[in-house]
Amino acid sequence: MKKKIILKVNGKEHEVNVDPATPLLYVLRNNLGLKGPKFGCGLSQCGACMVLYDGKANPSCLKAVENATDMEITTLEGLADDNGNLHKVQQAFVEEQAAQCGYCLNGLVMASVGLLQENSNPSDEEIQAALYRNICRCGVHPRVIRAVKKASTS
Amino acid sequence: MATDYIGKPKNRVDGRDKVAGKAKYAAEFHEPGLLHGVVVSSAIAKGRIKVIDASKALELDGVVEVFTHENTPSLAWMDLSYKDMDAPPGDPFRPLHSDKIQFNMQPVALVVAETLELAKYASHLIDIGYDVDGHNTKLVDSLDQSEKGKGLRAGFENPTSVGDFEDAFEKAEVKIDLEYFHGAEHHNPMEMHASTVIYGEDGNLTIYDKTQGVLNSRHYVSMVFGISKKKIRVLSPYVGGAFGSALRPQYQLFMATLAATQLKKSVKVELTRPQMFSFGHRPITIQNLKIGASADGTLKAIHHSAFSETSQFEKYIENVVNWSAKLYKCENVEEKYRVVPLDMYTPLDMRAPGGATGVYALESAMDELAYKLKMDPLELRLKNYTEEDKSKGKPFSSKTLRECYQQGAEKFGWEKRNPEPGSMKEGHQLVGWGMATGIWDALQMPARAKAILTADGKLEVSSATADIGTGTYTIMAQIAAETLGLPFEDVTAKLGDSSLPFALIEGGSATAASVGSAVKSVCLKVAKKLLKEAGKIKNSPFKDAKIEDVLFADGKISSRKDASIYIEISEVMKKRQLDEIKKKYALIPNMLKQSRYGRNTHSAVFAEVKVDEDLGTVKVTKIVSAIDGGKILNHKTAHSQILGGVVWGISMALEEDSFMDHNFGRFINHDLAEYHIAVNADMPDIDIIFVEEEDHIVSSVGAKGIGEIGLVGVAAAIANAVYHATGRRVRELPITLDKAMGLNTAEAEQI
């Protein structure tokens, strides 16, 4: 049964009319047109769909939209500033060539942003640990670690 | 020159769009009224569909249609029409063609509905009854049903033999005779296969497809559905990884096109993650290596044979056993390759198909031989180093493998290695150092390119090739900008669009050498035209000037003799009142020249592992990979290609295993939690060295292609390191902890 739900996404309130059990990822992508978060498995196994919930990175593919109403949600689209300048993590990912095919990047970027909000100067091990839920198939992992390091010092 | 870009570590041009979520993949294109299709997969591996009843699904409001073999119109009646550019010999699978089930998870129905959720729900309401036949999916039990692995296929070389193996092996002083095995693997790009077919009012189709070749997809749709190519446009601007999985048009393309053309509506079909295990895998091989050498380590005889899997309808063949005569100086080499038809989908090219698995066995065997000879494994390779491809008796177009061995060994610190297994312990960790060689083909394929220089000095270069994350956009722009001496920012590269000039599928590591060279040549044509126009300007210093007399750099044409004589490119366009210069170029590889050479890339891989002596866990702690890949066009994107290959090698050595439940004939670990791949926590220090040598026989840009060589050899280096750490030889990948501990099957089942 559809229901009116109000979500706070990227600093704005959005009203959607959906089944409250709909995964948040579906609502973000299909109702709000935010294609940054990606569908990679639908089982919280790959991390491609991560968003920030009050600053903490977690998958959105298994989260019912009704359970995401009382928090600030930030997606990849919400990271750049109003002038379109990339977030320092995004910029570092470009410079360190941490992007290959780009499909898992949303999750890696969001998890890295989430990490740096908690720990502004993480070690390599802490970065690896923080990215434990993110699968990348292009094998770009070492460059991701370098990118997060770079962002942490910029 | 400020406009020298080739070889520079430029940031990828698509980087910004990718980190900002603006790069759109096949399933992300939308239009009002778009319908969603969900594929129903068969529950059995072999038999017939007795009954298929979609009535419950069709009763639902919003379910538009259910396609099965019963209501799918008879399409192209010839098998040949389903052949694509990458098809192996045989009769391609024809989705929804009949009631016959040929493999488990075969697509048997497509549910089309107004929303994805509804289509998904309805897909569970299809009742299917089967007549089940006995199936066989087990290679190891079916070797007596094998047939010769021969046939015509792009990139495939029929196994050949040189000299007299039997006699030389018989006489050899030191011999080994060993078997190697590895599990099946699935590509699992992060993006699932998807096709969005936009149905135009006039019946024209615009198809966003996940593919490594837009022209291959267009060809397939045109042939199967009998639609003129002019009415089909296939687009694939971004591909979320592929690794070979998108070389062939997969069944989602058939399904989405079928629904769109039948319903005259736009339709999207995206496969699920489990369905990503339903259309082709890296086939299991059982390999035998017999190597004979003299006591000083000189190779006298090599026999490399393999049994591998194929389907009942196509004969999948790849180069598994073809490497030893290219890699070593040995006069007597015997290669044998057989495939066994099984009740499964046809295996599919997966990054370095054949090479990744064949070289694993060869290079493991070389390590075993080195131990038997009491010789350093690196020394054994150097002793048998070859300056010619022994399988063809031809010199190499270029080869820096010797330097790769030397630089790799030095970086790794190989000379500090104590050869005694188990001798390098750190607490409870057994430390092992191993090495191996990699080899892959350096191919060039036909390719066309177009260049348009406009009055504002901007250049667009294009070709219907693909960028599956490899960096094709970026190197195309670098080559074009340097050739015409334009600022990098003024150059745009276009690809992934079937309306662009011809290119083959992005496979075989051939794109840089093929499309890259075509881009260079088309830009040279523009340069010549520009020079001609410059010569027509009044009092021009370039009147009658030849292209070799001038330099294109920093936005100018200048004299090579006197740099003070120059003209701005934009000024030429302006003074000659040119709106644009448009040129096309068709690259046809010079086979006459190329066929006189062996053309290969190489690698020297050094690995350190730490094996927990109590738990058997294997951790790769260091990899050095030195690459002979010709000229490196972009040190950032190239480094990432090799890095990805190394990570794949770690994954192949220790983790990846698509597990077939032979009772059902189905891969059962079909999700990303059960199908293990290397993750962040598995990453060691990875050092990559490029030992460059421009190869102008393979390509005019000097590149040899590096998409696959990074993977080849890595698994063997790791397996050899595990032996050095533990003294236990594991001849079966992946090396899981039970195998590293040497447990037998019964013991392994306890853990």
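Criteria and cut-off values
- Residues numbered from 1 in each chain as written.
- Chains lettered and ligands numbered in written order.
- Predicted model: local features only at pLDDT ≥ 70, side-chain atom pairs only at ≥ 80, totals over all residues.
- Helix = DSSP H or I, 4+ residues; strand = E, 2+ residues; numbered from the N terminus.
- Contact = placed C-beta atoms within 7 Å.
- Buried ≥ 20, exposed ≤ 12 C-beta atoms within 10 Å, placed from the backbone.
- Pairing = 2+ DSSP bridges.
- Right-handed = clockwise from strand over helix to strand, strands pointing away.
- Core = buried A, V, L, I, M, F, W, Y, C linked by C-beta atoms within 7 Å.
- Axes fitted to C-alpha atoms, helices over the stretch in contact; angles between N-to-C directions.
- Nonpolar A, V, L, I, M, F, W, Y, C, P; charged D, E, K, R; others polar.
- Expected span 1.5 Å × (residues − 1).
- Parallel < 35°, antiparallel > 145°, perpendicular 65-115°, else oblique.
- Left-handed = near helix turned anticlockwise from the far one by under 90°.
- pLDDT = per-residue confidence, 0-100.

Visitor: So what about the overall build of chain A? Which residues, and what values?
Guide: Scanning chain A for helices and strands turns up 5 helices and 5 strands. Along chain A, helices (α) and strands (β) appear in the sequence β-β-α-β-β-β-α-α-α-α when read from the amino end. Taken along its principal axes, the extent of the C-alpha atoms in chain A is 45 × 30 × 25 Å. When contacts within chain A are restricted to residue pairs at least 6 apart in sequence, long-range pairs at least 24 apart make up 58% of them.

Visitor: Lay out the pairing of strand 19 (residues 429-441) of chain B with the relevant residues and their values.
Guide: Residue and element names in this part refer to chain B. Within strand 19, 12 of the 13 residues are buried, which leaves it mostly tucked inside the rest of the structure. Here 3 bridges tie strand 18 (residues 424-426) to strand 19, and the two strands are oriented antiparallel to one another. Bridge pairing links K425 to L430 in strand 19. Taken together, strand 18 and the strand that follows it, strand 19, pair antiparallel across an intervening segment of 2 residues, in which G427 is found at a positive phi of about 60 degrees. Pairing between strand 19 and strand 27 (residues 600-612): 13 bridges, direction antiparallel. When the bridges of strand 27 are listed, Q429 appears paired with D612.

Visitor: An account of the pairing of strand 21 (residues 459-462) of chain B is needed here, citing residue identities and associated values.
Guide: Residue and element names in this part refer to chain B. Taken together, the 4 bridges between strand 20 (residues 447-454) and strand 21 define a ladder with antiparallel strand orientation. Its bridge partner lying in strand 21, A451 is registered against V461. Between strand 20 and the antiparallel strand that follows it, strand 21, lie 4 residues; G457 among them carries a positive phi value of about 85 degrees. Alignment of strand 21 against strand 22 (residues 491-494), held across 4 bridges, turns out to be parallel. Bridge pairing links V461 to A493 in strand 22. On the question of chirality, the crossover connecting strand 21 to the parallel strand 22 by way of helix 11 (residues 472-484) is right-handed.

Visitor: Any chance you could break down the nonpolar core for me, citing the residues and the numbers?
Guide: Grouped together as the largest cluster of nonpolar side chains are 294 residues, with contacts concentrated most on V111, V461, A480, I718 and V722 of chain B. Every residue in contact with I718 of chain B, bar those within four places of it in the chain, is listed here: G434, A607, V609, V620, G649, I650, A653 and L654 of chain B.

Visitor: If you had to explain the sheet that holds strand 4 (residues 56-58) of chain A to someone new, which residues and values would you point to?
Guide: Residues and elements named next belong to chain A. Spatially, 5 strands are ordered 2-1-5-3-4 in an open sheet, and the strand pairing comes out mixed. The two strands at the open ends of the sheet, each matched to only one other strand, are strand 2 (12-18) and strand 4. The average undirected angle you get between the axes of adjacent strands in this sheet is 40 degrees. As defined by bridge partners, strand 3 (residues 51-53) adjoins strand 5 (residues 72-74) across 2 bridges and the pair is classed as antiparallel. For Y53, the partnering residue across the bridge sits in strand 5 and is I73.

Visitor: Got a sec to walk through the interface of chain B and chain A? Specific residues and values, please.
Guide: The interface is formed by 39 residues belonging to chain B together with 39 residues belonging to chain A. Those elements that provide at least two residues to the side of chain B that touches chain A are helix 1 (15-19) and helix 15 (635-654) of chain B. The leading source of residues in the side of chain B that touches chain A is helix 15 of chain B, at 7 residues. By residue class, the composition of the side of chain B that touches chain A is 19 nonpolar, 11 polar and 9 charged.

Visitor: Can you explain the environment of R599 of chain B? Please cite residues and give values.
Guide: Residue and element names in this part refer to chain B. Within the secondary structure, R599 is located in the loop between helix 14 (591-594) and strand 27. The sequence separation of R599 and P395 amounts to 204 residues, and the corresponding C-alpha distance is 8.6 Å. Contacts of R599, omitting those with residues within four sequence positions, involve S397, D441, A442, Q594, I697 and V698.

Visitor: Residues and numbers for helix 8 (residues 355-373) of chain B, please.
Guide: All names here are of chain B. Compared with an ideal rise of 1.5 Å per residue, which puts 19 residues at 27 Å, helix 8 spans 26 Å between its outermost C-alpha atoms and is within 8% of the ideal. Where burial is concerned, most of helix 8 is hidden: 16 out of the 19 residues are buried. Once helix 8 finishes, K374 follows within two positions and takes phi at roughly 55 degrees, a positive value.

Visitor: Quick one: what's the story with the sheet that holds strand 21 of chain B, residue by residue and with numbers?
Guide: Residues and elements named next belong to chain B. Sheet architecture is open: 4 strands sit in the order 22-21-20-26, paired in mixed fashion. Each having just a single partner strand, strand 22 and strand 26 (580-587) make up the two edges of the open sheet. Adjacent strand axes in the sheet meet at a mean angle of 15 degrees, parallel and antiparallel pairs treated alike. Sitting on the sheet, helix 11 touches strand 20, strand 21 and strand 22, and the angle it makes with strand 22 is about 140 degrees. The sheet contacts of helix 12 (residues 511-536) involve strand 20, strand 21 and strand 26, and relative to strand 26 the element is tilted by about 140 degrees.

Visitor: Account for the environment of V605 of chain B, with residues named and values stated.
Guide: Residue and element names in this part refer to chain B. Turning to its location among the elements, V605 is positioned in strand 27. A residue is classified by how many C-beta atoms lie within 10 Å of it, and V605, with 31 of them, is buried. Along the sequence, V605 and G516 sit 89 residues apart, while their C-alpha atoms lie 27 Å from each other. Discounting chain neighbours no more than four positions away, the residues touching V605 are M435, A436, G438, I623, S625, G713, V714 and A717.

Visitor: Residues and numbers for the packing of helix 3 (residues 105-118) of chain A against helix 5 (residues 141-153) of chain A, please.
Guide: Residue and element names in this part refer to chain A. Taken N-terminus to C-terminus, the directions of helix 3 and helix 5 make an angle of 40 degrees; their axes are 11 Å apart at the nearest point. One way to sum up the angle between helix 3 and helix 5 is to call them oblique. For the pair helix 3 and helix 5, the crossing hand works out as right-handed. In contact with L108, S112, L115 and L116 of helix 3, helix 5 contributes V144, V148, A151 and S152.

Visitor: Go over the confidence of the model for chain B with me, naming the residues and quoting the values.
Guide: Across chain B, pLDDT averages 96, with 99% of residues at or above 70. Predicted as a complex, the structure gets a pTM of 0.97 and an ipTM equal to 0.97.

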